[in-house]
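# Report on the structure
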Amino acid sequence: MTDTLPPNVTTPSPKRQKTDSDCVLNILVPRTNVSMIIGKQGAQVKEIQTQCTAHVQISKEATYVNGEECKRLSITSGSMENNTAAQMMIVGLCEENAALSATLRMLVPHTYCSMLIGKKGTSVNDLMAKSNARITFSKEQEMPPELMASERMVTLTGTCDQVTSAQMLITAKVSEIG
């Protein structure tokens with residue numbers, strides 16, 4: 001199975017036009033999972049978009065993170081709840097392909113990382129305690145050159161529910177900061 005995108009996957013549906021109030025969630029997905037997310041003839045990604053009222057766009061360019069080829073997946077909708085629902089469906093699909101744990105790689109603005117980590121790690125420890133997910137931040141030098149200046153990768157590991165809980169907490173904190 002190939003991970004080439006059907007022509008209609010990367011263009012916004014005519015029913016949904018991007019607005020200034022749209023919420024965007026950017027995640028990195030291993031290339032090996034992309035074809036599963038797209039599904040046969042784009043059926044899976046269309047189902048995610050329909051059920052969650054969100055637009056899912058998968059970049060054509062690869063990003064290499066720690067030697068693993070990943071694709072940037074942008075989820076856009078009118079609310080963070082819709083984005084989280086789409087992310088849950090995507091993590092659920094990836095979790096089926098993995099053992100018992102799910103991994104989500106979120107991209108957050110570089111300038112927010114120190115606030116998300118907190119003094120001596122207090123904020124990130126609080127997030128981990130609340131979600132029961134493991135949360136790690138990439139070091140700036142570990143980021144691919146095209147993302148180094150603007151974004152950092154936050155890796156969330158746990159069950160699908162734990163990863164989703166951590167993503168929601170981080171997204172809320174980023175919204176609070178920004």
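Keep in mind that this is a model prediction, so the values were computed, not measured. (Residues numbered from 1 in each chain as written. Predicted model: local features only at pLDDT ≥ 70, side-chain atom pairs only at ≥ 80, totals over all residues. Heavy atoms only, no water.)

### Observations regarding the confidence of the model for the protein chain
Atom-level detail of predicted coordinates should not be read off regions where pLDDT is low. Where we set the bar: One number per residue, pLDDT, summarises how confident the predictor is, and it ranges from 0 to 100. Helix and strand definitions follow DSSP, with helices as H or I runs of at least four residues and strands as E runs of at least two, each counted in order from the N terminus. A contact between two residues is defined here by any heavy atoms of the two lying within 4.5 Å.
Across the protein chain, the average pLDDT comes to 83, with 85% of residues at 70 or higher. Within the protein chain, the lowest mean pLDDT, 85, falls on helix α3 (residues 80-97), and the highest, 94, falls on helix α5 (residues 122-131). Taken together, the stretch residues 1-16 has pLDDT below 50 and engages in 29 contacts with residues farther than four places along the chain or on a different chain.

### Concerning the packing of helix α1 (residues 31-38) against helix α2 (residues 43-52)
Put simply, the rule is: Under this scheme, a helix contributes an axis fitted over its contacting stretch, all axes are lines through C-alpha atoms, and angles between N-to-C directions fall in the 0 to 180 degree range. Any angle from 65 to 115 degrees is called roughly perpendicular, while one under 35 is roughly parallel, one over 145 is roughly antiparallel, and all others are oblique.
Where α1 contacts α2, the axes come no closer than 5 Å and their chain directions differ by 70°. Judged on the interaxial angle alone, α2 and α1 are roughly perpendicular. Two secondary-structure elements touch here, α1 through M36, I37 and I38 and α2 through A43, Q44, V45 and I48.

### Re α1
Using the following cut-off: Buried, partly exposed and exposed residues are distinguished by accessible area as a fraction of the type maximum, computed with a 1.4 Å probe on protein chains only: under 20%, between the cut-offs, and over 50%, respectively.
What α1 keeps buried is the set N33, V34, S35, I37 and I38. Among the residues trailing α1, G39 stands out with phi positive, at a value near 80°.

### Examining the side chain of T84
The following threshold applies: In the analysis that follows, any N or O atom pair within 3.5 Å is treated as a polar contact, provided that within protein one partner can donate a hydrogen and the other can accept it, and provided that, for residues neighboring in sequence, both atoms belong to side chains.
Along the chain, the position of T84 falls in helix α3. Within the structure, the side chain of T84 is placed 3.2 Å from the side chain of Q167, a separation counted as a polar contact. With sequence-adjacent residues up to four places away left out, T84 is seen in contact with T164, Q167 and M168.

### Some words on the pairing of strand β3 (residues 68-77)
The test is simple: Pairing between strands requires that DSSP locate at least two bridges from one strand to the other.
For β3, the tally of buried residues reaches seven of ten residues, placing the bulk of the element in the interior. Pairing of strand β1 (residues 23-30) with β3 involves eight bridges; the strand directions are antiparallel. Within the sheet, the bridge partner assigned to V29 lies in β3 and is K71. Both strand β2 (residues 55-65) and β3 contribute to a ladder of eight bridges, which runs antiparallel. Within β3, the position partnered with I58 by the bridge is L73. Turn length for the β2-β3 hairpin, with the two strands adjacent in sequence and antiparallel, is two residues, and the turn residue N66 shows positive phi of about 50°.

### Some words on the packing of α5 against helix α6 (residues 160-177)
Quick reminder of the rule: A clockwise turn of the near helix away from the far one marks a right-handed crossing, whereas an anticlockwise turn of less than a right angle marks a left-handed crossing. Under the grouping applied here, Gly and all other residues not named as nonpolar or charged are polar, the nonpolar ones being Ala, Val, Leu, Ile, Met, Phe, Trp, Tyr, Cys and Pro and the charged ones Asp, Glu, Lys and Arg.
Look at α5 against α6: their axes get within 9 Å of each other, and the N-to-C directions meet at 140°. It follows from the interaxial angle that α5 and α6 lie oblique. Handedness of the α5/α6 crossing: right-handed. Facing S123, L127, K130 and S131 of α5, the residues of α6 in contact are Q162, S165, A166, L169, I170 and K173. In the contact of α5 with α6, the residues fall into four nonpolar, four polar and two charged.

### Here's the deal with the sheet that holds β3
The six strands are arranged β2-β3-β1-β4-β6-β5 in an open sheet whose pairing can be described as antiparallel. Both outer strands of the open sheet, β2 and β5 (134-137), are each paired with one neighbouring strand and no more. Looking at each pair of strands side by side, their axes are set apart by 30° on average, direction ignored. Two strands pair when backbone bridges link them, and β1 and strand β4 (residues 102-109) are joined in this way by two bridges, in the antiparallel orientation.

### Quick notes on the pattern of salt bridges
Spelled out, the test is: Here, a salt bridge means any side-chain nitrogen of Lys or Arg that lies within 4 Å of a carboxyl oxygen of Asp or Glu.
Scanning the entire structure with this criterion turns up four salt bridges. A salt bridge links R105 to E68; its shortest N-O distance comes to 2.8 Å. Note that R105 is positioned in strand β4 and E68 in strand β3, a separation of 37 residues in sequence. For the salt bridge of D126 with K130, the shortest nitrogen-to-oxygen distance reads 3.3 Å. Here the residue D126 and the residue K130 both occupy positions in helix α5, the gap between them amounting to four residues, near one helical turn. The class of D126 is partly exposed, set by a relative accessible area of 36%.

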